[in-house]
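# Residue-level structural notes
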Amino acid sequence: IQILGSGFNKPRGVALQSDGKILVADAGNNAIKRMDADGSNIVTLNSTFNQPHGVAVQSDGKILVADSYNSAIKRMDADGSDIVTLGTGFSYPYGIAVQSDGKILVADAENSAVKRMDADGSSIQILGTGFGAPSGVAVQSDGKILVTDTNNNAIKRITEVATSNRIAVAVVIIPPA
């Protein structure tokens, strides 16, 4: 195990930029930081967040932030500037991921839900409810969505089947090995 970087205070989320640089949601410092792949050259991109927990990168290089204690999903340029709020109706979003089609997935902890919205923050859909404070979300290569269902001590998989304008959702509990 190699320790990368220092000076973090409750780092919660991590993502990679296309150039290999590492982004860190540094919750205790209310910041998004970036460092080189070897852990050197740590810079604060922006420190105007309130306990950011998740970070992801869109295909155009823009950075998405689950600004948890502001109950918002925010997007900023790769240099940390031009912050905009995307979507509404979140309550302590923790995890965030981007699907191959550019749609944004959010683990919305206090709403006990996983939500999906368009890349610009419009058209928010609920993909699943009844989770116990979901905190992480990821997309498998086949498009299936993994969720850390924190209070239920489980990892769950969402498999969706599009049916006209509705989404039929099946949630599968993945048993521990």
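Please refer to the structure higher up on the page.
Structure report, in brief. Since we're looking at a predicted model, the values are computed, not measured. Position numbers for residues count from 1 along each chain, tracking the sequence in the order it is written. Whole-chain, interface and lining totals are the exception, using all residues; otherwise, since this is a predicted model, local features are given only for residues with pLDDT of at least 70 and side-chain atom pairs are given and counted only at 80 or more. Side-chain metrics rest on all non-hydrogen atoms present in the structure, leaving aside hydrogens and water.

What follows concerns the sheet that holds strand 3 (residues 31-35). Overall, antiparallel pairing links the four strands, which are arranged 1-2-3-4 in an open sheet. Both outer strands of the open sheet, strand 1 (11-16) and strand 4 (43-46), are each paired with one neighbouring strand and no more. The mean inter-strand angle of the sheet, taken between neighbouring strand axes irrespective of direction, is 30°. By the convention used here, strands pair only if DSSP detects at least 2 bridges between them. By the criteria applied, helices consist of DSSP H or I runs no shorter than four residues and strands consist of E runs no shorter than two, each listed in order from the N terminus. Where strand 3 lies against strand 4, three bridges are found, and the strand directions are antiparallel. Across the sheet, residue Arg34 finds its bridge partner in strand 4, namely Val43. Only the contacting stretch of a helix is used when fitting its axis, a line to C-alpha atoms as for every element, and angles between N-to-C directions run 0 to 180 degrees.

This part covers unusual backbone geometry. Leaving glycine aside, a negative phi is the common case for residues, and trans is the common case for peptide bonds. Backbone geometry places Tyr92, a non-glycine residue, at a positive phi of 55°. Note on placement: Tyr92 falls in the loop between strand 8 (84-86) and strand 9 (93-98). We call a residue buried when its accessible area falls under 20% of the maximum for its residue type, exposed when it is over 50%, and partly exposed in between, using a 1.4 Å probe and counting protein chains only. On the basis of relative accessible area, Tyr92 is assigned to the partly exposed category, the value being 30%. Phi is positive for Ser112, close to 50°, though the residue is something other than glycine. Mapped onto the elements, Ser112 comes out in the loop between strand 10 (104-108) and strand 11 (113-117).

Turning to the packing of aromatic side chains, a few remarks are in order. Between two aromatic rings, the relevant description is the distance of the centres plus the angle of the planes. Any two of the Phe, Tyr and Trp rings considered here, Trp counted by its six-membered ring, make a pair once their centres fall within 6.5 Å; the pair's planes then place it as stacked at under 30 degrees, edge-to-face at over 60, or tilted in between. What the rule picks out here adds up to one aromatic pair. Taken together, a centroid distance of 5.2 Å and an interplanar angle of 90° make the contact between Tyr69 and Tyr92 edge-to-face. Within this pair, whereas Tyr69 is found in the loop between strand 6 (63-67) and strand 7 (72-76), its partner Tyr92 is found in the loop between strand 8 and strand 9, the two being separated by 23 residues in sequence.

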